[in-house]
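The lines below spell out each chain.
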Amino acid sequence: MNQPLGQPVRAGRQNQQTDDYEDGAFAFRPATKDKAKARVAVQGVSGSGKTWTGLSISQGLAEGQRFAVIDTERGAASLYVGINGIQFDVLQMNRYDPRDLVKALAAAAQHNYPVVMVDSLSHFWKGTDGTLQQVDKAKTRYGGNSFAGWKEGTPMQNDMIEALLAYPGHVVVTMRSHTEWVLQENDRGRKEPVAMGMRAEQRKGVEYEFGLVCSMDIDNTLTVLKSRCPDLHRKVIKEPTGAIDVAKPLLDWLNDGAEAVDASAWIDAATAAEATPESLLATYRDAESHGALATPLLHPQTGQPTSLGAFIKERGTALKNAQQ
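(A) Here's a closer look at the overall build of the protein. Helices and strands together make up the secondary structure of the protein, namely 10 helices and 11 strands. Taken across its 324 residues, the protein has 43% of its residues classed as buried. Total accessible area computed for the protein in this model is approximately 18000 Å², and 50% of it derives from carbon and sulfur atoms.

In structure tokens:
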């Protein structure tokens, strides 16, 4: 029997896929441009001004509120406190296990910071206890087997990136660039070595995860490498004021849409004392339909970072078991 395009064949409730279709899990809806949160990456060589530019962008995105800085650069960001009115709270980190960044982001979400800045994300790749060291440690346990090492390291890296993308506010990260020295002609017509940032010191392809990616050079010139915001597409800005030159057009574009999803109602429903397996299932499906299952939160009992979806599943299972 022929079926209209897009209609699943009904053969009773024989498998989970059919159930999912009937439950509307694959239902298409009209596309809308919702208000979204910024995901900004600023990369550059040493001395290019990426920390200051990241702070200025964060200040603009915060719109007068205090924001959070996760600092791996030994207090570099704090040197700018008070300049142009910049005020923020800082978390100093001395080890860079990707799982610790997940915890830090969950803590920032609990404190409702409108913007969190990571200065820099590169440390969580190649710094002390970063992803590369985690892979090396795992390889040692498996007799130098590289595949086994990445089998442990890749999930850590992926969970860290997912936590950045799921943060309920704006996210700004800085990344160090691999530096290469090239000969360029100066204004006197002579060749001189110039430091060029070639690629961010992070896992290859990380730039795909951000909506706006900028590169800074040693002359403090910002070049937009990637932007979903039309007003910033391929912009080149000499000595940028991040709050005005980057954050303002970005916010104008992000806010030109429907209201962003507020996950607080689902969190309240998931943690409510009177919750039942049935109410949690309804909460899960509602949050899923709005793409909010990855919202980070700290587990009410353990204090460990988790996601809204994982917590709802855990609590629903526990309540079901208690009823049996």
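(B) Highlighting unusual backbone geometry. Note that the residue after Asp119, namely Ser120, is joined by a cis bond; omega there is 5°. Take Ser120: it is sitting in the loop between strand E4 (115–119) and helix H4 (123–126). Of note in the backbone geometry, Glu63 takes a positive phi value of approximately 55° without being a glycine. Positionally, Glu63 belongs in the loop between helix H2 (50–62) and strand E2 (67–71). In this structure, Glu239 takes a positive phi of about 45° despite not being glycine.

(C) The arrangement of the confidence of the model for the protein in detail. A residue-level look at the protein finds 85% of positions with pLDDT of 70 or above and a mean pLDDT of 85. Counting contacts from residues 1–22, a segment whose pLDDT is below 50, to residues more than four positions away or on other chains yields 12 contacts.

(D) Structural view of the pairing of strand E1 (residues 39–44). The element E1 is extensively covered by neighbouring structure, given that six of its six residues are classed as buried. Residues Arg39, Ala41 and Gln43 point to one face of E1 and Val40, Val42 and Gly44 to the other, with burial holding for every one of them. Relative to strand E7 (residues 212–216), E1 is paired through five bridges, and the arrangement is parallel. In the strand pairing of E7, Val42 is matched with Cys214.

(E) Here's a closer look at helix H10 (residues 308–323). An ideal rise of 1.5 Å per residue puts 22 Å on 16 residues; H10 measures up with 23 Å between its terminal C-alpha atoms. Elements in contact with the buried residues of H10: helix H8 (264–271), helix H9 (277–289), strand E10 (296–298) and strand E11 (305–307).

(F) Focus on the side chain of Thr51. Looking at the secondary structure, you find Thr51 in helix H2. When neighbours within four sequence positions are excluded, Thr51 is seen to be in contact with Ala76, Ala77, Tyr80, Met117, Asp119 and Thr174.

(G) Local environment of the pattern of salt bridges. Going through the model one piece at a time under the given rule, you end up with 10 salt bridges. Note that Arg176 and Glu73 form a salt bridge whose closest N and O atoms lie 2.9 Å from each other. Here Arg176 is found in strand E5 (residues 170–185), whereas its partner Glu73 is found in the loop between E2 and strand E3 (88–92), with 103 residues between them in sequence. On the accessibility criterion, Arg176 (33% relative accessible area) is partly exposed. Glu73 sits in the buried class, given a relative accessible area of 18%.

(H) Local environment of the environment of Thr154. Tracing the chain through its elements places Thr154 in helix H6 (residues 146–166). Overall, the relative accessible area of 22% leaves Thr154 in the partly exposed class. Counting along the chain gives 20 residues from Thr154 to Gln134, while the straight-line C-alpha distance between them is 9.5 Å. Within the structure, Thr154 has its side chain in polar contact with the side chain of Arg203 (distance 3.5 Å).

(I) Looking closely at the packing of helix H5 (residues 131–141) against H6. Put simply, H5 and H6 touch, their axes get as near as 7 Å, and they point 145° apart. The handedness of the crossing between H5 and H6 is right-handed. Seen from H5, the contacting residues are Thr131, Leu132, Gln134, Val135, Ala138, Lys139 and Arg141; seen from H6, they are Ser146, Ala148, Gly149, Trp150, Glu152, Gly153, Met156 and Gln157. When the residues that make up the contact of H5 with H6 are grouped by side-chain class, the tally is six nonpolar, six polar and three charged.

(J) Focus on H6. With 21 residues, H6 extends 30 Å from end C-alpha to end C-alpha; this agrees with the ideal 30 Å at 1.5 Å per step. Where H6 is concerned, the buried positions are Ala148, Gly149, Gly153, Met156, Gln157, Met160, Ile161, Ala163, Leu164 and Ala166. A side-chain oxygen of the first residue of H6 lies 2.9 Å from the backbone nitrogen of Phe147; this N-cap is Asn145.

(K) Geometry of the packing of helix H3 (residues 98–110) against H6. Two numbers describe how H3 lies on H6: the axes approach to 8 Å, and their chain directions differ by 20°. Taken together, the axes of H3 and H6 lie roughly parallel to each other. Classified by chirality, the crossing of H6 by H3 is left-handed. Here H3 contributes Pro98, Arg99, Leu101, Val102 and Leu105 to the contact with H6, which in turn contributes Met156, Asp159, Met160, Ala163 and Leu164. Looking at side-chain class alone, the contact of H3 with H6 contains eight nonpolar, no polar and two charged residues.

Definitions and cut-offs
Counting from 1, residues in each chain are numbered in the order their sequence is written. It should be noted that, the model being predicted, local features are given only for residues of pLDDT at least 70 and side-chain atom pairs only at 80 or more, the latter also being counted only at that level, while totals for whole chains, interfaces and linings use all residues. Only hydrogens and water are set aside when side-chain values are computed; all heavy atoms of the structure are taken into account. A run of DSSP states H or I qualifies as a helix once it reaches four residues; a run of E qualifies as a strand once it reaches two. Both are numbered from the N-terminal end. Exposure is judged per residue with a 1.4 Å probe applied to protein chains only, and the accessible area is read against the type maximum: over 50% gives exposed, under 20% gives buried, and values in between give partly exposed. Working definition of accessibility: Shrake-Rupley area with a 1.4 Å probe, residue cover restricted to the visible protein chains. pLDDT measures the predictor's confidence residue by residue and takes values from 0 up to 100. Contacts are assigned to residue pairs with any non-hydrogen atoms lying within 4.5 Å of each other. Pairs of strands are assigned from DSSP output, requiring at least two bridges between the strands. To estimate how far a helix should extend, the number of its residues minus one is multiplied by 1.5 Å. Each reported salt bridge corresponds to a side-chain nitrogen of Lys or Arg within 4 Å of a carboxyl oxygen of Asp or Glu. Nitrogen and oxygen atoms within 3.5 Å of one another constitute a polar contact, given that in protein one can donate a hydrogen and the other can accept it, and given that sequence-neighbouring residues count only through two side-chain atoms. Angles run from 0 to 180 degrees between N-to-C directions of axes, and those axes are lines fitted to C-alpha atoms, restricted for helices to the stretch in contact. For any pair of crossing helices, the crossing counts as left-handed if the nearer helix is rotated counterclockwise from the farther one by less than a right angle, and right-handed if it is rotated clockwise. When residues are sorted by character, Ala, Val, Leu, Ile, Met, Phe, Trp, Tyr, Cys and Pro go into the nonpolar class, Asp, Glu, Lys and Arg into the charged class, and all the rest, Gly among them, into the polar class. Angular relationships are summarised with four words: roughly parallel below 35 degrees, roughly antiparallel beyond 145, roughly perpendicular across 65 to 115, and oblique for the angles in between.

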